[in-house]
Amino acid sequence: MLNELLNEYSSYLVYSEKRSYEKTVSKYLKNIRECFEYMHTSNVDDIKEWTYIDLRENWLCAKRDEGLGSQSLNLRIVSIKSFLNYLVGRKIIKENVAKEIKRFPVKQKEKCIDTKDIQDMIEEARLDFEENKNFLTMRNYFILSLAIGTGLRSDEMRSIKINDINFLDGKFEVRGKYSKNRQIKLNKELLSLYHDYLYYRNQINTEEDYLLVSKNGKHMYSANLNEVFGKYAERCKIENCTPHTFRHAFGTSLIEAGCPIEKVAKAMGHSNVQVLYQWYYHPEFNDEDNLFDNNPFFKKDNKNNITINNKVK
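Quick caveat, the model's predicted, so the values are computed rather than measured.

Undergrad: Before we move on, can you summarise the overall build of the chain with the specific residues and values?
TA: Scanning the chain from terminus to terminus reveals 12 helices and two strands. Starting at the N terminus and ending at the C terminus, the chain contains elements arranged as α-α-α-α-α-α-α-α-β-β-α-α-α-α. Split into buried and exposed, the 313 residues of the chain put 46% on the buried side.

Undergrad: Let's hear about the pattern of salt bridges: which residues, and what values?
TA: Applying the stated criterion across every chain, the model contains 13 salt bridges. A salt bridge links Asp-45 to Lys-48; its shortest N-O distance comes to 4.0 Å. Of this pair, Asp-45 and Lys-48 both sit in helix 3 (residues 44-48), three residues apart, which is roughly one turn of that helix. The class for Asp-45 is exposed, based on a relative accessible area of 51%. On the basis of relative accessible area, Lys-48 is assigned to the partly exposed category, the value being 47%. In this structure, Arg-235 engages Glu-124 in a salt bridge whose closest nitrogen and oxygen atoms are separated by 3.1 Å. With Arg-235 in helix 10 (residues 222-235) and Glu-124 in helix 6 (residues 115-131), this pair connects stretches of sequence that are 111 residues apart. Take Glu-124: its relative accessible area is 27%, and that puts it in the partly exposed class.

Undergrad: Now, about the packing of aromatic side chains: what can you tell me, with residues and values included?
TA: This structure, assessed with the given rule, holds 12 aromatic pairs. Measuring from centroid to centroid gives 5.2 Å for Tyr-9 and Phe-83, while their planes differ by 75°, and the two rings are edge-to-face. In this pair, Tyr-9 sits in helix 1 (residues 2-16) while Phe-83 sits in helix 5 (residues 70-89), placing the two residues 74 residues apart along the sequence. Taken individually, Tyr-9 and Phe-83 each receive the classification buried, so the pair is uniform in this respect. Relative to Tyr-86, the ring of Tyr-12 lies with its centre 5.2 Å away and its plane at 40°, an arrangement referred to as tilted. Of this pair, Tyr-12 sits in helix 1 while Tyr-86 sits in helix 5, and the two are 74 residues apart along the sequence. Grouped by ring-pair contacts, the aromatic residues Tyr-9, Tyr-12, Phe-36, Trp-50, Phe-83 and Tyr-86 constitute a single cluster.

Here is what the cut-offs are and how they apply
Residues numbered from 1 in each chain as written. Predicted model: local features only at pLDDT ≥ 70, side-chain atom pairs only at ≥ 80, totals over all residues. Heavy atoms only, no water. Helix = DSSP H or I, 4+ residues; strand = E, 2+ residues; numbered from the N terminus. Buried < 20%, exposed > 50% of the residue type's maximum accessible area, 1.4 Å probe, protein only. Salt bridge = Lys/Arg side-chain N within 4 Å of Asp/Glu carboxyl O. Phe/Tyr/Trp six-rings, centres within 6.5 Å; stacked < 30°, edge-to-face > 60°.

Below, the structure written as structure tokens:
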């Protein structure tokens, strides 16, 4: 009975939730079966007898005592919550007793990049452009600004087509993880820089319709994008800086500025708001409809602002 239920749950994740079996579902199933073993579960009636304390103490804390790290424990929490939610949805059980289980704190392996470092990197790219105005210097300047202005993932930036972004208001739709679409907006300063970038982009001899291309007109690979960030990080003596570093800074700065965490999670394409609760939470924010416009990196009166000026003539 349990194996049949797990097979149905697996199919639901793969076909309805569009989850990868290799990357996600197989790990969920492994963790759930492990839970069955620790909880001496052999049928659905046994699951109905589970309690919050049982799961936390008899399974998770036991695994922690065996030396399992916080990230591995947290994946188990996510797995069992997902499975029990599925059972509740099918009305097999009445409640998800794992719902209130909190994640174990994860120690940061490295210091997060300072906002001043990001400002310095973008300023370096801007100066490159001012000293030698061409497609590459403008593209690099635009890429760094786009990353901190939108919080897009590397693949999401690379997937933008040249006509996706509305030329007048800077709005566009991006497809993120699990084929979920979300709305993005370039704020006024970033939209102006986008117009400047198009001036140079349209001079490239290419048949590609992607917005970001190489100097040879080829669609940029992830490695190409990483090289742009690595180039300016090296100049500013910053280690381990990638597009995801800028994405993290985007979310952190907005939450610190008081943007509702639910709106930041939605803008970043997180299906689970709990991901952002690992950062900060500030509920006060009056201008909820203009999250992208309130990016503190673009505020002239904010110490984190970046320079988006000197329009192309």
